[in-house]
Structure formats: C-alpha cells, structure tokens
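For reference, the chains in residue letters:
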Amino acid sequence: MQSRVRFGIVVQTLFLVLLMCLPASAAHFSFDGNNVVLIDFSRKIFPIGLTLPPPPTAKTPTGKRAYKEFSDSGVLFMRTGIATQWDAAGIAVEKQYQDAAAKFGLFCQPWLRTLASTDSAATDAQLTTVVNTFKAHPGMGMWKGADEPQWGGVSSAITQHCYQVIKSLDSDHLVWIVQAPRNTAADMAPYNASVDITGIDIYPVSYPPGNHLVLAYPNKEISCVGEWTDLIVQASAGTKPIMMTLQIAFSGTNPPTKLLRFPTFEQQRFMAYYCIVHGARGLQYFGGTLAATLNTRDAPLGWNWTYWDNVLKRLFSEIGDKSVIQPVLVAPNSTLPITGNNGVEFVVREISANEFYIIACMKQGPTNLATNVTFTGIPTGYTQAKIMFEEPAVVNVQNNAFSHYFGPFDVHVYQFKK
C-alpha cells in the first residue's frame, strides 16, 4: 500500500513539473457591453500603460527590476515596437521586450508603425509575419495601429485594411489607435471601424499652458482632458473602450528649446479621475523615457524614476490594477438617481446591493474659493461615507443627502457601505 502511495506521489509531482515546464500561452483580450476590457473573458481590468518603457534589463535606483516594480505598482501594459523597422532585427528587439514583460505579468502594445499606415502587398506580407510571430506570445497585449491617423493624414480606409489583416490572423488581441487632440468627433468617427480600443493623447501641462493644443482651442486648463474624452466617446458612438493618453513629459516640455514642466501629483490625479468621470476605461502615460527630461540619477537608468516615485507610483496606488478601488473602475455606471450641484461632475458605480461609490471632480471655477457641493438622492440606509485615500475623513448623510467642499481641480472618492 505504501509503495503505491509513494508511486502516486511521484507521478503527481512529475505531472506538476511537466506543467511548469510547458510554455505559457497568450491571453485573450476582449471587452464587455460596458466597454470594460477583459482578459480571458472574465478578468475585468482598468488598463494602465506606459509609453515608452525602459529597456527589458532596466532597474530602479534601488536595484529592483524595473518591470517588477511596474507590475507590483499596478501597471499592466507597455507600448513597445521600439525598433524603427519591423525587419528581423526589429522583431528580435520586440521579442526581448515581450519575454521580459511576460516574466513579470505585463503585456506589450507593439506599435506597428508603417505597417499600420500603408497599404501594399509587401506591407501586408510583413504585417502577417509580425502578427504571426507574436500572437501566441504570453507577453502580447494589444496591437497599436497608426499613430494619430486622422491628424497625420492616414485614411480610414488604410487603417481599416490593417485592422482586417490583423484580426484575420489574431482574434485574441485588441487593436488600439490613438488620435491627436485635433478636429471634431465627425472627423474621427470613420476610424471607428479600424479599432477595438481608442483614445486621444492630450498633454495640457506646459509653459505656457496648453501648448499641445491648437491655438484656437479655448480651454487650455487641465480640465480639457475631460472634453477630449467626451469627443472620442462621441466619435466611437460609445461602442469602444476609451484609453486616454496623459503626460509625464512631451516635446512641448523638452529642454533646451522648451521649458521643462511635469504635472504635479494633484494635477495628475485630477486628470486621471476626470477622464474616468467622462468615460475613460483605461489610461496610458507618455514620456517616461525622454532623455532631455531625465536628471543625472535617472538618465543612466533610462526612465524617470524621480517622477515615478513622486507622482505615478502614488497615483497608481489608487487606480492601478492592485488598487482597492479596482472593482469600482471596472463596474458599470449606476442608474441611481443621485444629483450634485454647483458644477460638480461625477460618476456613480455600484459594487453590490450594499455598496456603491461616487467619483466626483470639480473643474476650475471663477474664483479659487472652495465650493460647497450637495449631493442628493443617496439611497435610504446609508448614513455615512468614507472618503477614500483621505482617511479618516468621512461625510455624514442626512435626509438622503450630504455636503462637502471642493476646491478647483479637487477629486473625492466616496465609499458608501450599509
């Protein structure tokens, strides 16, 4: 009897070892009726991505692997496609990034460059090679198509052709296109047939403010990110996940021709939540590798770890994949009849029959004075709300309402539990 038991244990152990040695398979990405991105049909995510990441072997100033730090902090995606050509050398570079990403639970977003913005038999053949090379890789996340195609003059017919080629070969991964903050929803609408996930890159923090925008655009404040989120939601007819791209730094803040300026934590926090209130289902952050913006400590490491430590890591502790409100970020918008006054903008998300959240933002006002906002329509049975990330702050509910002060660009996340 004992020998049979030992034999069974040996067989089971060998089976487990064999499973561990098998290559990991690619994840399947899709989205649901609320435009929430799904991994393997059931895991709901709020994608946080970085454009660009440091090299695969990069480390933090403390010696930790960079990709491990990103993953631990709630980042899921990295925009890759680093090489300028998708030849054999470019494919080899991408494989290094995807191998490293998979090791630490991250996913790559390879930019297809000219393969997504031109239309020819040679391009299709090369695109086919690239897609077939990486579609089964566990580090593959989503394909990035043409960059800012509407503003850049790439026709929707070409982007749609590229999309059809990709999807005919790879049904597991989404195609993502980022538009420029230019023109109208009607101008961008034809590209809706070319994407699974879309968005706009918008970088309003600079000297002078808003130099990323066209001169005629009236709102140069950081609240413009919500207006551009509205525009791309309208362009997509509300049928696609929206992933807005926000700034770490960009060409308009690059020394020596421009004055260096980074968003503060408060600015970055407002822009993130304001995009969410206006319909974003993911966020991308651009500019962590721009050499001219790196200090003497960070330059040899290839990434803006100073900004990461001071701003992004703190922000991602709130909205990253491992945050306590991750279930809120992937929940559908609630139909609870809650209202707010004095210009507050908010979204309500229900987690269960006994728990819901309000994410509320106040954009700039005519003065710098705080505004007393009253929310009404709070369901019966809730007497108090915790203000997330501001503990031990709370608000008390009386007669199905509560009041709270907001300054310009303030954000409050209220948790209601019976």
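The sections below set out a description of the structure shown in this document. Because the structure is a prediction, the values reported are computed rather than measured.

## Things to note about the pattern of salt bridges
Logical step 1: The tally for this structure, following the rule as stated, stands at 13 salt bridges.
Logical step 2: Put simply, Arg-43 and Asp-321 hold a salt bridge, and the shortest N to O gap is 2.8 Å. Linking Arg-43 in strand 3 (residues 43-45) with Asp-321 in the loop between helix 10 (305-319) and helix 11 (326-329), this pair joins segments that are 278 residues apart in sequence.
Logical step 3: Look at Arg-43 and you get partly exposed, because its relative accessible area is 37%.
Logical step 4: Residue Asp-321 is classed as buried on the basis of its relative accessible area of 15%.
Logical step 5: Residue Asp-298 is joined to Arg-297 by a salt bridge in which the shortest nitrogen-to-oxygen separation is 3.0 Å.
Logical step 6: Accessibility expressed as a relative area gives 0% for Asp-298, which makes it buried.

## A short note on the sheet that holds strand 17 (residues 394-396)
Logical step 1: The sheet built from five strands is open, its strands ordered 13-14-19-16-17 with antiparallel pairing. The strands lining the two open edges of the sheet, one partner per strand, are strand 13 (345-352) and strand 17. Averaged over all pairs of adjacent strands, the angle between their axes in this sheet comes to 25 degrees, without regard to strand direction.
Logical step 2: The pairing of strand 16 (residues 384-387) with strand 19 (residues 411-417) spans three bridges and is antiparallel. Within strand 19, the residue paired with Lys-386 across the bridge is Gln-415.
Logical step 3: Against the sheet, helix 9 (residues 265-277) touches strand 13, strand 14 (355-361) and strand 19, its axis set at about 120 degrees to strand 14.

## Points about unusual backbone geometry
Logical step 1: Here the amide bond leading from Pro-255 into Pro-256 is cis, since omega sits at 0 degrees, within 30 degrees of zero.
Logical step 2: Cis rather than trans, the peptide bond between Glu-391 and Pro-392 has omega equal to 15 degrees.
Logical step 3: Within the chain, Ala-237 stands out as a residue other than glycine whose phi angle is a positive 55 degrees.
Logical step 4: Mapped onto the elements, Ala-237 comes out in the loop between helix 8 (224-235) and strand 10 (243-247).
Logical step 5: Look at Ala-237 and you get exposed, because its relative accessible area is 59%.
Logical step 6: The backbone phi angle of Asn-400 is positive, close to 60 degrees, even though this residue is not glycine.
Logical step 7: If you trace the backbone, Asn-400 turns up in the loop between strand 17 and strand 18 (401-406).
Logical step 8: Overall, Asn-400 belongs to the partly exposed group, its relative accessible area being 32%.

## A look at the sheet that holds strand 7 (residues 142-147)
Logical step 1: Judged by pairing direction, the sheet is parallel, and its three strands sit side by side in the order 7-8-9 without closing on themselves. Edge positions in the sheet fall to strand 7 and strand 9 (197-200), since each has one partner strand and no second. Strand-to-strand twist across the sheet, computed as the mean angle between neighbouring axes with direction ignored, equals 25 degrees.
Logical step 2: Examined bridge by bridge, strand 8 (residues 174-179) and strand 9 share four bridges and lie parallel to one another. Bridged to Trp-176 within strand 9 is Ile-197.
Logical step 3: Across the sheet, helix 6 (residues 156-169) is in contact with strand 7 and strand 8; its angle to strand 8 comes to roughly 160 degrees.
Logical step 4: Where helix 8 meets the sheet, its contacts fall on strand 8 and strand 9, and the angle it forms with strand 9 comes to roughly 145 degrees.

## Structural notes on the side chain of Asn-304
Logical step 1: Along the chain, Asn-304 turns up in the loop between strand 11 (282-286) and helix 10.
Logical step 2: If we ignore the near neighbours within four places in the chain, the residues touching Asn-304 are Phe-262, Gly-288, Thr-293, Leu-294 and Asp-298.

## Here's the deal with the environment of Ser-42
Logical step 1: Its location among the elements puts Ser-42 in the loop between strand 2 (37-39) and strand 3.
Logical step 2: Distance in space between the C-alpha atoms of Ser-42 and Ala-27 is 11 Å, their sequence separation being 15 residues.

## Quick look at the packing of helix 4 (residues 121-134) against helix 6
Logical step 1: Direction vectors running N to C along helix 4 and helix 6 enclose 40 degrees, while the axes themselves pass 10 Å from each other. Relative to helix 6, the element helix 4 lies oblique. Crossing hand, helix 4 versus helix 6: right-handed. Side by side, helix 4 and helix 6 meet where Asp-124, Leu-127, Thr-128, Val-131 and Asn-132 of the first sit next to His-161, Cys-162, Val-165, Ile-166 and Leu-169 of the second.

## Side note on helix 6
Logical step 1: Spanning 14 residues, helix 6 covers 20 Å between terminal C-alpha atoms, matching the ideal 20 Å at 1.5 Å per step.
Logical step 2: Thr-159, Cys-162, Tyr-163, Val-165 and Ile-166 are the residues of helix 6 that are buried. Buried residues of helix 6 fall within an arc of 160 degrees about the axis and therefore sit on the same side. More than 90 degrees from the buried face of helix 6, the exposed residues found are Ala-157 and Ser-168.
Logical step 3: Contacts made by the buried residues of helix 6 are with helix 4, strand 7, helix 5 (149-152) and strand 8.

## Regarding the pairing of strand 14
Note on strand geometry: in a regular strand, side chains alternate between the two faces of the sheet.
Logical step 1: Taken across its seven residues, strand 14 has seven buried, putting it largely inside the fold.
Logical step 2: Of the two faces of strand 14, both are covered, the one formed by Glu-355, Tyr-357, Ile-359 and Cys-361 as well as the one formed by Phe-356, Ile-358 and Ala-360.
Logical step 3: Of the pairings in the sheet, the one linking strand 13 to strand 14 comprises seven bridges and is antiparallel in character. Looking at the pairing, Arg-349 lines up with Tyr-357 of strand 14.
Logical step 4: Taking the residues that link successive antiparallel strands as the turn, the strand 13-strand 14 hairpin has two residues.
Logical step 5: As judged from the seven bridges shared by strand 14 and strand 19, these two strands associate in the antiparallel manner. When the bridges of strand 19 are listed, Ile-358 appears paired with Tyr-414.

The rules we used
Residues numbered from 1 in each chain as written. Predicted model: local features only at pLDDT ≥ 70, side-chain atom pairs only at ≥ 80, totals over all residues. Heavy atoms only, no water. Salt bridge = Lys/Arg side-chain N within 4 Å of Asp/Glu carboxyl O. Helix = DSSP H or I, 4+ residues; strand = E, 2+ residues; numbered from the N terminus. Buried < 20%, exposed > 50% of the residue type's maximum accessible area, 1.4 Å probe, protein only. Pairing = 2+ DSSP bridges. Axes fitted to C-alpha atoms, helices over the stretch in contact; angles between N-to-C directions. Contact = heavy atoms within 4.5 Å. Parallel < 35°, antiparallel > 145°, perpendicular 65-115°, else oblique. Left-handed = near helix turned anticlockwise from the far one by under 90°. Expected span 1.5 Å × (residues − 1). Arc of directions from axis to C-beta.

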